[in-house]
Amino acid sequence: MVRDKGCGEIRESDRGQNLTLCGWVFRRRDHGGLIFIDLRDRSGVLQAVFSPDVSADAHKLAHDLRSEFVISVSGEIRQRPEGTENSGMPTGAMEMYVNTLEILNESSPLPFMIEDAADTSEALRLKHRYLDLRRPELQQNFIIRHKVAKIIRNYLDERGFLEIETPMLTKSTPEGARDYLVPSRLNPGHFYALPQSPQIFKQILMVSGFEKYFQIVKCFRDEDLRADRQPEFTQVDLEMSFVDVKDVIEIIEVMMIKLFKNTFDVDIPLPFERLSYRDSMERFGNDKPDLRFGLELKEMADLAEKGTFKVFLDAVRSGGRVKAINGKGMASLSRKEIDLLTEEAQSFGAKGLAWIKVKNGFEAPIAKFFPEEILKQMAQRLDAEDGDLMLFVADKEKVVHDVLSRMRLEFGKRLNLITPGFRFAWITDFPLLEWNDEEGRFEAMHHPFTSPMNEDVEKMLTGDMNDRGMISSLKAKAYDIVLNGYEIGGGSIRIHRRDLQKKMFELLRISEEEAKMKFGFLLDALEYGAPPHGGIALGLDRLVMIMVGASSIRDVIAFPKTQKAFCLMSGTPSAVEPKQLRELSIKIDLPEV
Ligand code: ASP
């Protein structure tokens, strides 16, 4: 054995032992007579002491050590002298007195110090990701990620799931983002798509009779990247036959309970809260509510109508909404600070922000438009007390919800209202289809294979195809799982009847030809005895990010890409050899900029 133990494993029971340890030079302190090295490996850090009294050679060589040299040290494990213990580290009561030092490898001067990495620009860290990943906090994230994946695998195995791989070189899948394409050399002019999800294949596995499938699988979506997205990400993907919504929910709830118990010894109470999509939108303004604090959105249209404030009246009369939230304790804001809030609301899409301070009565330019009694009712509905600030948005429903939900989150943080912990929720009763104004057609809210609720099947099959109201009222057997304000997964019970699937494509204005071209192989499979089935996919990166308390999914992905989908370390994507392009029958034709 090159080494006896991990540095971080040394405890009092090792006292007096002569051991060999290996690792990286984390910190070095030269106190003239003695040299101290914090020696780091994956298991942690141990202080190594070089004293000329123990070994003049080792002490001499220790002068040459620099940050991140890789060394092997042998020597006696001793108790640290009283008063010099470091209770901040698990090995803090112990140290090694080194009698043999071997430098296994040197390191060039570092672009940044490992311990200061958190304050270094992310671009520099990502360029030297191998160094960034040496940070104990990041290593911890990957240890937890490993555990999470392992617990999930074991659990699904216990519940009778089979892990089956689906192809990476495949056809476009129905998740609605742009595909990453891979040219085919053997089929010139033809392309594979990298999977946006294994959706079609997992459904086909149900037709094949596997009954319970799962995969921890890479998926690819070529989207404009927002803060917590990556072009390639990992899903825990499941599909089951002979199930309904409650069965999928049960599988996942127990999985989450096991995950939190076995990683952090945290008990998550059952069952998770359930909200219909409509309730979630009404109360929180979005479909991924953070339930760790209140400040819910309240309806104000009925009260607004009893006043004479034109902006509110216009919004209500043109079919829009007037809603409000309580800026708890914010009546003390100055005019200038309220202007800043208004600007913030405008940056979220609002035309403006109306406000009323509750401060010895009601104080606001718009207060005069409402009878005192109505102002009181507004305050009552918002639970607003003296010292609070009532904030109103009047606009189209989408804008009202968008703006107020973002302000709610902002206030939750700013006013320190978020209670620590993990709050799960299921969002159910989603609309099956959503009207896309730009394209003038309906779109699947989840994807086109999602089943309508049982009570809507007849309506869908026989209803008037031009009745937008009826179509919008169809509900889906779809569900999202939300944790602390993040959507961490979603799925649905699928359509397994050919006539219903056909109708779905009609509603989506997908022609038979197009459907055949895109998903023909699934439609064919559905002809041959497809069982009722459904499933879900969880975003593993996001789940682990929330579990470890990281602020970005980049902190739980070993080699992430930037917002421009670029890997700074490997310099990917990159140009390729002309020969490779010729073999692929590809000509590059860049637009002029
Ligand atoms: N394929 C879906 C997704 O990736 C999940 C599912 O419906 O199972 O979001």
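The structure reproduced in this document is the subject of the present report. Every chain's residues receive numbers from 1 upward, in the order its sequence appears when written. Local features are withheld for residues below a pLDDT of 70 in this predicted model, meaning they are given only at 70 or higher, and side-chain atom pairs are given and counted only at 80 or more; totals for whole chains, interfaces and linings count all residues. The side-chain numbers reported here are obtained from all heavy atoms of the structure, hydrogens and water having been left aside.

## Some thoughts on the packing of aromatic side chains
Now for step 1: Only rings of Phe, Tyr and Trp enter the pairing, Trp through its six-membered ring, and a pair is recorded when the two centres are within 6.5 Å. The plane angle decides the type: under 30 degrees is stacked, over 60 is edge-to-face, the rest tilted. Applying the stated rule across the entire model yields 16 aromatic pairs.
Now for step 2: Their ring planes at 90° and their centres at 5.7 Å tell us that phenylalanine 260 and phenylalanine 424 sit as a pair that is edge-to-face. One end of the pair, phenylalanine 260, is in helix H6 (residues 245–264); the other, phenylalanine 424, is in strand S17 (residues 424–428), and 164 residues separate them in sequence. Like phenylalanine 260, the residue phenylalanine 424 is buried in the burial classification.
Now for step 3: The interplanar angle of 90° and the centroid separation of 6.4 Å between the aromatic rings of phenylalanine 449 and phenylalanine 505 together place this pair among those described as edge-to-face. Remark: phenylalanine 505 occurs in helix H15 (residues 498–507) and phenylalanine 449 occurs in the loop between strand S19 (441–444) and helix H13 (454–462); sequence separation between them is 56 residues.
Now for step 4: Only protein chains enter the accessibility calculation, which uses a 1.4 Å probe; a residue whose area is less than 20% of its type maximum is buried, one above 50% is exposed, and one in between is partly exposed. According to the relative accessible area criterion, phenylalanine 449 is buried, its value standing at 0%.
Now for step 5: Among the aromatic residues, those joined into a cluster by ring pairs are Phe260, Phe264, Phe272, Phe422 and Phe424.
Now for step 6: As a reminder, the over-ring test applies to NZ of lysine and CZ of arginine, requiring each to be within 6 Å of the ring centre and within 35 degrees of the ring normal. Sitting above the plane of the tyrosine 97 ring, arginine 78 keeps its charged end 3.9 Å from the centroid. By the criteria applied, helices consist of DSSP H or I runs no shorter than four residues and strands consist of E runs no shorter than two, each listed in order from the N terminus.

## Re the packing of helix H5 (residues 199–207) against helix H16 (residues 512–526)
Now for step 1: Only the contacting stretch of a helix is used when fitting its axis, a line to C-alpha atoms as for every element, and angles between N-to-C directions run 0 to 180 degrees. Interhelical geometry of H5 versus H16 gives an angle of 15° and a closest axis separation of 9 Å. The orientation of H5 relative to H16 falls into the category roughly parallel. By crossing handedness, the relation of H5 to H16 is classed as left-handed. The segment H5 lies against H16, with Ile200, Phe201, Gln203, Ile204 and Val207 engaging Phe519, Phe521, Leu522 and Ala525. Should an angle fall under 35 degrees it is taken as roughly parallel, and over 145 as roughly antiparallel, whereas 65 to 115 is taken as roughly perpendicular and any remaining angle as oblique. Handedness of a crossing is defined here by the sense of rotation of the near helix relative to the far one, left-handed for an anticlockwise turn of less than a right angle and right-handed for a clockwise turn. The contact criterion used throughout is that any non-hydrogen atoms of two residues lie within 4.5 Å.

## Quick word on the nonpolar core
Now for step 1: Counting 48 residues, the largest nonpolar core has Phe312, Leu341, Ile356, Met378, Met390, Phe392 and Met407 as the members making the most contacts within it.
Now for step 2: Every element with two or more residues in this core is listed here: helix H8 (301–304), helix H9 (310–317), strand S13 (321–327), helix H10 (335–347), strand S14 (354–358), helix H11 (372–381), strand S16 (389–395) and helix H12 (397–414).
Now for step 3: Those residues in contact with methionine 390 that sit more than four places away from it in its chain are Ile325, Ala354, Trp355, Ile356, Val358, Phe362, Leu375, Met378, Ala379, Leu382 and Ala384. Grouping buried Ala, Val, Leu, Ile, Met, Phe, Trp, Tyr and Cys residues that are joined through side-chain atoms within 4.5 Å yields what is termed a nonpolar core.

## A few points about the pattern of salt bridges
Now for step 1: Every case where a carboxyl oxygen of Asp or Glu lies within 4 Å of a side-chain nitrogen of Lys or Arg is listed as a salt bridge. In the structure shown here, the tally under the stated rule is 52 salt bridges.
Now for step 2: For lysine 351, the salt bridge is made with aspartate 395, and the minimal N-O distance between the two is 3.2 Å. Placement of the pair is lysine 351 in the loop between H10 and S14 and aspartate 395 in strand S16, with a sequence separation of 44 residues.
Now for step 3: With relative accessibility at 65%, the residue lysine 351 sits in the exposed group.
Now for step 4: Where aspartate 456 meets lysine 459, a salt bridge forms, and the shortest distance between an N and an O atom there is 3.8 Å. One end of the pair is aspartate 456 and the other is lysine 459, both in helix H13 and three residues apart, which spans about a single turn.
Now for step 5: Three or more residues joined by partner-sharing salt bridges are found here, namely Arg278, Glu282, Glu299, Arg321, Lys323 and Glu397.

## Some remarks on the environment of lysine 503
Now for step 1: Within the element layout of this structure, lysine 503 appears in helix H15.
Now for step 2: C-alpha of lysine 503 to C-alpha of isoleucine 493: the two residues are ten residues apart in sequence and 16 Å apart in space.
Now for step 3: Beyond its immediate chain neighbours, meaning those up to four positions away, lysine 503 contacts Met460, Leu461 and Met465.

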